Amino acid sequence: MDQGEDQILADELAALGATSGGSGRLTGLVAKLMGKNVHEIDLVIPLPFGEAVDRVAAVLGGGGRPVVSLRVEDGGDQEMLRVVVGGGLGGLNPVVVTVLVTKGAEDSSPVRLRAAAKEGLVKQRAGEKTATRLAALLSGPAGESGVPRQE
């Protein structure tokens with residue numbers, strides 16, 4: 001039941017258009033035709049798999065709204081989390097953030113972070129900026145990301 005990025009972004013923009021007094025349906029149709037700014041970052045979190053998933057969930061949950069459920073896919077060696085966050089000028093451009101955490105060595109977990117946003121006439125690079133910001137939060141010390149340090 002996973003919706004694709006394009007559909008999620010179109011639905012989010014349609015909802016935004018409807019709340020601002022415009023035609024949500026027309027906005028959604030136009031959004032499907034717009035280009036997308038996508039940025040992917042690979043990083044390694046120096047935590048065991050379970051703790052890495054918890055950290056990613058805490059960072060994404062702090063600034064994003066889950067799409068369907070926070071943990072979309074729960075498996076043995078990988079877990080995917082997806083949220084929608086606000087990006088661009090004033091945080092009004094919805095950005096779909098998908099993070100895949102993979103079980104790695106005992107004390108580290110590879111992470112692939114992908115952020116995608118629709119681009120209009122004014123190029124805001126919301127996908128790229130959001131991916132970079134979240135990657136910095138995930139790679140920094142736990143205290144900087146708002147996630148308590150485990151001692």
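Residues numbered from 1 in each chain as written. Predicted model: local features only at pLDDT ≥ 70, side-chain atom pairs only at ≥ 80, totals over all residues. Heavy atoms only, no water.

Just to check I follow, could you spell out the overall build of the chain for this structure?
The helix and strand inventory of the chain stands at 4 helices and 5 strands. When the 151 residues of the chain are sorted by exposure, 41% land in the buried category. Here the contacts in the chain between residues at least 6 apart in sequence split such that 56% fall between residues at least 24 apart. Carbon and sulfur atoms provide 55% of the accessible area of the chain, an area that totals close to 8,200 Å². (Helix = DSSP H or I, 4+ residues; strand = E, 2+ residues; numbered from the N terminus. Buried < 20%, exposed > 50% of the residue type's maximum accessible area, 1.4 Å probe, protein only. Contact = heavy atoms within 4.5 Å. Areas by Shrake-Rupley, 256 points an atom, 1.4 Å probe, with all protein chains shown as cover.)

Explain the pairing of strand β4 (residues 93–102) to me, please; I cannot follow it from the model alone.
Remember that side chains alternate between the two faces of the sheet whenever the strand is regular. In terms of burial, β4 is a largely internal element, 8 of the 10 residues being buried. Looking at chain direction, strand β3 (residues 78–87) and β4 are connected through 10 bridges and run antiparallel. Residue pairing across strands places M80 opposite L100, the latter belonging to β4. Where β3 hands over to β4, the hairpin turn is made up of 5 residues, of which G88 adopts a positive phi near 70°. Bridge count between β4 and strand β5 (residues 109–119): 7 bridges; the pairing is antiparallel. Bridging across to β5, V96 finds its partner in A116. Connecting the antiparallel pair β4 and β5 is a turn made up of 6 residues. (Pairing = 2+ DSSP bridges.)

Would you mind showing me how to read the pattern of salt bridges here?
Charged atoms that come close allow side chains of opposite charge to pair. In the structure shown here, the tally under the stated rule is 8 salt bridges. Salt-bridge contacts for K36 lead to E5; the nearest nitrogen and oxygen are separated by 3.1 Å. Within this pair, whereas K36 is found in strand β1 (residues 35–45), its partner E5 is found in helix α1 (residues 5–19), the two being separated by 31 residues in sequence. For D6, the salt bridge goes to K118, with nearest N and O atoms at 3.3 Å. With D6 in helix α1 and K118 in strand β5, this pair connects stretches of sequence that are 112 residues apart. (Salt bridge = Lys/Arg side-chain N within 4 Å of Asp/Glu carboxyl O.)

Got a minute to help me understand the nonpolar core in this structure?
Nonpolar side chains in soluble globular proteins tend to be buried together. The biggest cluster of nonpolar side chains holds 27 residues, and the ones touching the most others in it are I45, V56, L60, V97, V99 and V101. Elements with a contribution of two residues or more to this core: β1, α3 (49–63), β3, β4, β5 and α4 (126–139). For this core, the element with the most residues is α3, which contributes 7 residues. Leaving out residues up to four positions away in the same chain, I45 has contacts with A52, V56, D107, S108, S109, V111 and L138. Counting residues in each nonpolar core, the second largest holds 5 residues, with I8, L9, V84 and V96 among its members. (Core = buried A, V, L, I, M, F, W, Y, C linked by side-chain atoms within 4.5 Å.)

Before we go on, may I ask you to explain the layout of surface pockets in this structure?
Over the atoms rolls a probe the size of a water molecule, and in doing so it shows where empty space is left. Taken as a whole, the second largest pocket holds about 170 Å³ of empty space. Surrounding the second largest pocket, L13, L16, M34, L89, L92, N93, K118, E119, G120, V122 and Q124 form its lining. Where the lining of the second largest pocket is concerned, the elements lending two or more residues are α1 and β5. (1 Å grid on protein atoms, 1.4 Å probe; cavity = no way out; pocket = protein on both sides within 12 Å on 5 of 7 lines; lining within 4 Å. Points joined across faces, edges and corners; volume = space filled by probe spheres on them.)

Can you help me understand the confidence of the model for the chain in this one?
Scored by pLDDT, the chain has a mean of 79; 72% of the residues are at 70 or more. Confidence drops under a pLDDT of 50 for residues 143–151, and excluding neighbours within four residues, the segment shows 13 contacts in the predicted structure. (pLDDT = per-residue confidence, 0-100.)

Mind showing me how you'd approach unusual backbone geometry here?
Apart from glycine, the bulk of residues carry a negative phi angle, and the bulk of peptide bonds sit in the trans form. Of note, the phi angle at R125 is positive, near 55°, even though the residue is not glycine. With respect to the helices and strands, R125 occurs in the loop between β5 and α4. What makes R125 partly exposed here is its relative accessible area of 41%.

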